[in-house]
Amino acid sequence: MTQAATAGNRGAKMNGLMNMNLTTKINLFVAVTLFAVIAALGYWNNSLEVKKMRELVERRDIATVSPAAGTEDIEASIRRRRLQTAAAAAVVVLVTTCAIAALVHLFVDRPLQSLMRGIRRFRDGAAFKPIHVCGKDEIGELANEFNTMAATLEAREKSLKHTRDYLMGIVENSADLIVTLDINDRIEMFNRGAERILGCGRAEMIGRDWKELFFNESNEERFLDALKEEKGVDGFEVGLRHRSGRCVHTLLTKARLWDTAGNIVGKILIGADITAYKAMQDRMIASERLAAIGQAVVQINHSTKNILNTLTGGAYMVKTAMKKEDTDMLEQGWAMVETGIGRIKDLCRDMLDFTRTGALDMKPGSICGLISEVVDSARHYDMARGIIIRCDVSSDIPDIMFDPRALHTAILNLVLNAVDACRLGNKRNGGEVTVTAAAGEDNVIIEVRDNGCGIPDDKIDEVFQPFFSTKFTEGNGLGLPVTKKIITEHGGGISVRSSINIGTTFTVTLPLIPASQREHHLQLLKG
């Protein structure tokens, strides 16, 4: 037999011993131990007896050994004694082993078997039943500890199951779309809200690519572009595809799911169906648009009527002056006609600016030159005669992004509005308008102040409303709304404060170009 085969046999025997149950191991150990002890004692006793008998034979001790006894008889007597000793040892070992085996079975094996059955039942998910083990020895303590541990685990499992069922109930019964994705962006969970909103069953959606939810590629691209900028998207309006093929307008939120170790285990999509809201919003917008058109028609009709009165009066004076050949009356009449034409031109321009929906032509640059240009333009208006227009612009204002034409219109409206306030306040020869500009922390602050008639407190909240005017028959009520629209489109803000017969201040704030982007815009300008 080879050495490998011998090693294999030894390994098999060792595995056989290790696979024995505890009772068999104890019994085997006790039997071997007893047999070895009794065998050793018997051998030692026999050795003493043999030695003693041989000494007596040699001395021919008549009192102990019969004179007729020969050597063969003595050797046979020794063998019988050895057999008797071996038999007695075997009986003692057998009886002792059986007794110990019974005790081990009663006090060790049965409790351990009961403990193992309880552990297996608990492992297999059966309802926990306390293990009853008699005695307060180590096995009893082990059983009690297991009962405590199992009861604690069962209580925790029930608590976790209750929490899981509660949370799953919230997810399942939510009116919103809730979809979870695995790490490969495949749909893993599809709740009832998603089934109702999209008209698809969860069985057909599980395992599919989540991008199939989008109504078209445009919606998908917009959402994915938003995801590139952030780790998640919150409340992004996007169109999803209903089973029928129609578009479902949804406010969609996407976030990552993390485990306790900080690893990404998936993603979650939460969407609210706003289709009905969008339809209602469209109806409201249409209704408001009709109302605004009606209001605009009324106001335009009123403004046009005033302009026509001016044109009619001027035309009458021109016609009369031509009959009478009165040059002065002709000039006055023609001036009225020109004024009427100018007001029609201003009304048309303001209406176009107010209703313009095209994007601004934004460019980086300094606003200082634009403000100076606006002030110079205002000084040449006839209405500004006798009124002082000052300009105080800081030279260290950083560049901003703005549309030169649109922002020129907005600031000029404010300056001319201030000039009108001075003129209407009977300060033609004492009126002052001051335009200032300075840099704030993250914006440019522009102020237009006048010492004119002021705005009543009950009217100051209406100055930015379309067609509202404090100029009676002279204004069309679109200058300030146009200005606010332009400032808002630049990402800025506008506010006003005023006191009667003291003056009015309009404050405009425009955002600066972030420092991180200034170098880029500077390169664009150089290019």
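For the structure, see preceding data.
Everything numeric here is computed off the predicted structure, so don't read it as measured data. (Residues numbered from 1 in each chain as written. Predicted model: local features only at pLDDT ≥ 70, side-chain atom pairs only at ≥ 80, totals over all residues. Heavy atoms only, no water.)

K.L.:
Can you lay out the overall build of the protein for me, pointing to particular residues and giving the numbers?
P.N.:
When you go through the protein residue by residue, the secondary structure sums to 13 helices and 12 strands. For the protein, contacts bridging at least 24 residues in sequence account for 58% of all contacts bridging at least 6. Surface summary for the protein: the accessible area is close to 33,000 Å², and the carbon and sulfur share equals 57%. (Helix = DSSP H or I, 4+ residues; strand = E, 2+ residues; numbered from the N terminus. Contact = heavy atoms within 4.5 Å. Areas by Shrake-Rupley, 256 points an atom, 1.4 Å probe, with all protein chains shown as cover.)

K.L.:
Help me get a handle on the sheet that holds strand S4 (residues 247–258), residues and values and all.
P.N.:
Spatially, S2-S1-S5-S4-S3 is the arrangement adopted by the five strands of the open sheet, whose pairing is antiparallel. Strand pairing shows two members of the sheet lacking a second neighbour, strand S2 (187–190) and strand S3 (233–241), which therefore form its edges. Within the sheet, the average angular offset between the axes of one strand and its neighbour, ignoring direction, is 30°. Sheet topology note: the S3/S4 ladder contains seven bridges and is antiparallel. Residue pairing for S4: glycine 239 is matched across the bridge by histidine 249. (Pairing = 2+ DSSP bridges. Axes fitted to C-alpha atoms, helices over the stretch in contact; angles between N-to-C directions.)

K.L.:
Now, about the packing of aromatic side chains: what can you tell me, with residues and values included?
P.N.:
Two aromatic rings, taken as a pair, are described by how far apart their centres are and by the angle between their planes. Taken as a whole and judged by the stated rule, the model has four aromatic pairs. Considering the side-chain rings of tryptophan 210 and phenylalanine 223, the 6.1 Å spacing of their centres and the 70° angle between planes classify their relative orientation as edge-to-face. In this pair, tryptophan 210 is assigned in the loop between helix H6 (202–205) and helix H7 (217–229) and phenylalanine 223 in helix H7, connecting sequence segments 13 residues apart. Neither residue differs from the other here; tryptophan 210 and phenylalanine 223 are each classed as buried. (Phe/Tyr/Trp six-rings, centres within 6.5 Å; stacked < 30°, edge-to-face > 60°. Buried < 20%, exposed > 50% of the residue type's maximum accessible area, 1.4 Å probe, protein only.)

K.L.:
Summarise helix H12 (residues 479–489); cite the residues concerned and give the values.
P.N.:
Among the residues of H12, Leu480, Pro481, Val482, Thr483, Lys485, Ile486 and Ile487 are the ones counted as buried. Within two residues after H12, glycine 491 carries a phi angle of roughly 80°, on the positive side.

K.L.:
So what's going on with the pairing of strand S10 (residues 443–450)? Residues and values would help.
P.N.:
Among the eight residues that make up S10, six are buried, leaving the element largely enclosed by the rest of the structure. In terms of strand pairing, strand S9 (residues 432–439) meets S10 through seven bridges, oriented antiparallel. Opposite threonine 434, over in S10, you have arginine 449 as the bridge partner. Counted between consecutive antiparallel strands, the loop separating S9 from S10 contains three residues. Here S10 pairs with strand S12 (residues 503–511) via eight bridges, running antiparallel. By the bridge assignment, arginine 449 is partnered in S12 with threonine 505.

K.L.:
Account for the sheet that holds S10, with residues named and values stated.
P.N.:
Ordered by their spatial adjacency, five strands build an open sheet running S7-S9-S10-S12-S11, and the pairing between neighbours is mixed. The open sheet has two free edges, formed respectively by strand S7 (388–393) and strand S11 (493–499), since each of these has just one partner strand. Across the sheet, the axes of successive neighbouring strands diverge by a mean angle of 10°, strand direction being ignored. Judged from the six bridges that link them, S7 and S9 form a sheet pairing that is parallel. Residue pairing across strands places aspartate 392 opposite threonine 436, the latter belonging to S9. Where helix H10 (residues 368–379) meets the sheet, its contacts fall on S7, S9 and S10, and the angle it forms with S7 comes to roughly 175°.

K.L.:
Let's hear about the nonpolar core: which residues, and what values?
P.N.:
One broad rule of soluble globular proteins: the nonpolar side chains tend to lie buried together. Of all hydrophobic cores here, the largest spans 44 residues; its most connected members are Ile367, Leu407, Ile411, Val415, Val433, Ile446 and Leu510. Sorting the residues of this core by element identifies H10, strand S8 (400–402), helix H11 (404–424), S9, S10, H12, S11 and S12 as the ones contributing at least two each. Here the element with the most residues in this core is H11; it accounts for 11 residues. Aside from chain neighbours lying at most four places away, what touches valine 415 is Val374, Ala378, Ile389, Val435 and Val448. Counting 22 residues, the second largest nonpolar core, distinct from the first, contains Phe190, Cys200, Leu227 and Val248. (Core = buried A, V, L, I, M, F, W, Y, C linked by side-chain atoms within 4.5 Å.)

K.L.:
Residues and numbers for unusual backbone geometry, please.
P.N.:
Located in the positive-phi region is aspartate 185, a residue other than glycine, with phi close to 65°. Backbone geometry places glutamate 325, a non-glycine residue, at a positive phi of 55°. Within the secondary structure, glutamate 325 is located in the loop between helix H8 (275–324) and helix H9 (327–355).

K.L.:
Which residues make up the packing of H10 against H11, and what are the values?
P.N.:
H11 packs onto H10 with a crossing angle of 50° between their chain directions and a minimal axis gap of 9 Å. The pairing of H10 with H11 is recorded here as oblique in orientation. Crossing angle aside, the handedness with which H10 passes H11 is right-handed. Listed contacts from H11 to Leu370, Ile371, Glu373, Val374, Ser377 and Ala378 of H10 are Pro404, Leu407, His408, Ile411, Leu412, Val415 and Leu416. Here the residues of the contact of H10 with H11 are counted per class, giving 10 nonpolar, two polar and one charged. (Parallel < 35°, antiparallel > 145°, perpendicular 65-115°, else oblique. Left-handed = near helix turned anticlockwise from the far one by under 90°. Nonpolar A, V, L, I, M, F, W, Y, C, P; charged D, E, K, R; others polar.)

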